Amino acid sequence: MKIWLDGGLQDIESARVSVFDHGLTVGDGIFETVKATDGRLFGLTRHLNRLTRSARGLGLPDPDHDEVRRACTAVLDANPMPLGRLRITYTGGHGPLGSDRGEHGPTLVVAVGETTRRPDSTAVITVPWTRNERGALTGLKTTSYAENVVALSRAHQHGCSEALFANTVGQLCEGTGSNVFVVLDGEIHTPPVASGCLAGITRELVVEWTGAKETDLPLDVLQRADEVFLTSTLRDVQAVHRVDERELPGAPGPVTAKAMRVFDERSGDDQDP
Ligand code: PLP
């Protein structure tokens, strides 16, 4: 396995990042997960633009898009696989023990792992912890993901693949690694970015391609919605067949099934929409 680090390809066994890298010591880093199908990257321009937005939010220097593109291509060429999740990580670099940044500049790592297509439907739980819709990191794709790790592990304990958060005012927000949509009276709704959710790339495309509305929704909408579905780079559009104790038999329902079809057709047309 080859990864990209320090400006070139390296063997994963010998590649080294400082133990004082702030991505490790204080979670001062950002990332993107990009889907690679037969070596072709999906939506790379959108991912690079979001990487830059996240970098600016953290006060990191803008990532060099040409270098990141070169790194992605080199890593995919060196590790051919039918369906891969390419991981771009960009950290504050190594520095002093503490939160002050060092002088060494950012660390860029690009790696890839094999993945499989997700099932058409899944079960989710809601968790009692909240997303902060007004935090310094809100909406940024940072490597400070421990809250998501805790919530996801609770989901797994309950036989679910995702955990959904409300924000601090009780509105539906997002999952640990996905955005959430509900169907009410035949119309598709998803929480607005102001709810504190990540501006998901799949979410953005689904809103554009289905006309879904961005609506403030209370968390308990999940108990009465006709259909519920998730979106993310690795799930695409995935129906929900159980939320906590509530079963949604027949998922994917008709509206979700149509959104899945539209997404499959349109995303197949253009690898960098
Ligand atoms: N929300 C969070 C917290 C995420 O981490 C992700 C993706 O990893 C998403 C939503 C979905 O975003 P995307 O569709 O860009 O993968």
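An unreviewed UniProt entry annotates the protein as aminodeoxychorismate lyase of Streptomyces cinnabarinus. Comment text from UniProt for the protein, heading Subunit (unreviewed entry), reads "Homodimer." Here is the UniProt Cofactor (unreviewed entry) comment for the protein, exactly as written: "pyridoxal 5'-phosphate".

Visitor: Quick question: what am I supposed to make of the layout of surface pockets here?
Guide: Sizing a probe to match a water molecule and rolling it over the atoms shows the empty space that remains. By volume, the largest pocket is sized at about 1,100 Å³. As for the largest pocket, its lining consists of 45 residues, and the residues nearest its centre are Lys 141, Tyr 145, Asn 148, Thr 176 and Gly 177. Every element with two or more residues in the lining of the largest pocket is listed here: β3 (29–37), β5 (83–91), β7 (121–131), α4 (146–157), β9 (172–175), α5 (201–210) and β13 (227–232). Tallying contributions element by element places α4 first for the lining of the largest pocket, with five residues. When the residues that make up the lining of the largest pocket are grouped by side-chain class, the tally is 11 nonpolar, 23 polar and 11 charged. In this structure, the second largest pocket spans a volume of roughly 360 Å³. Together, 22 residues line the second largest pocket, and Lys 35, Arg 117, Asp 236, Asp 264 and Ser 267 are the ones closest to its centre. Taken together, the elements giving at least two residues each to the lining of the second largest pocket come down to β3, β14 (236–243) and α6 (254–269). Per-element tally for the lining of the second largest pocket: the top contributor is α6, with five residues. By residue class, the composition of the lining of the second largest pocket is seven nonpolar, seven polar and eight charged.

What counts, and at which threshold
Residues numbered from 1 in each chain as written. Predicted model: local features only at pLDDT ≥ 70, side-chain atom pairs only at ≥ 80, totals over all residues. Heavy atoms only, no water. UniProt positions renumbered as here; feature names shortened; annotations may be inferred. 1 Å grid on protein atoms, 1.4 Å probe; cavity = no way out; pocket = protein on both sides within 12 Å on 5 of 7 lines; lining within 4 Å. Points joined across faces, edges and corners; volume = space filled by probe spheres on them. Helix = DSSP H or I, 4+ residues; strand = E, 2+ residues; numbered from the N terminus. Nonpolar A, V, L, I, M, F, W, Y, C, P; charged D, E, K, R; others polar.

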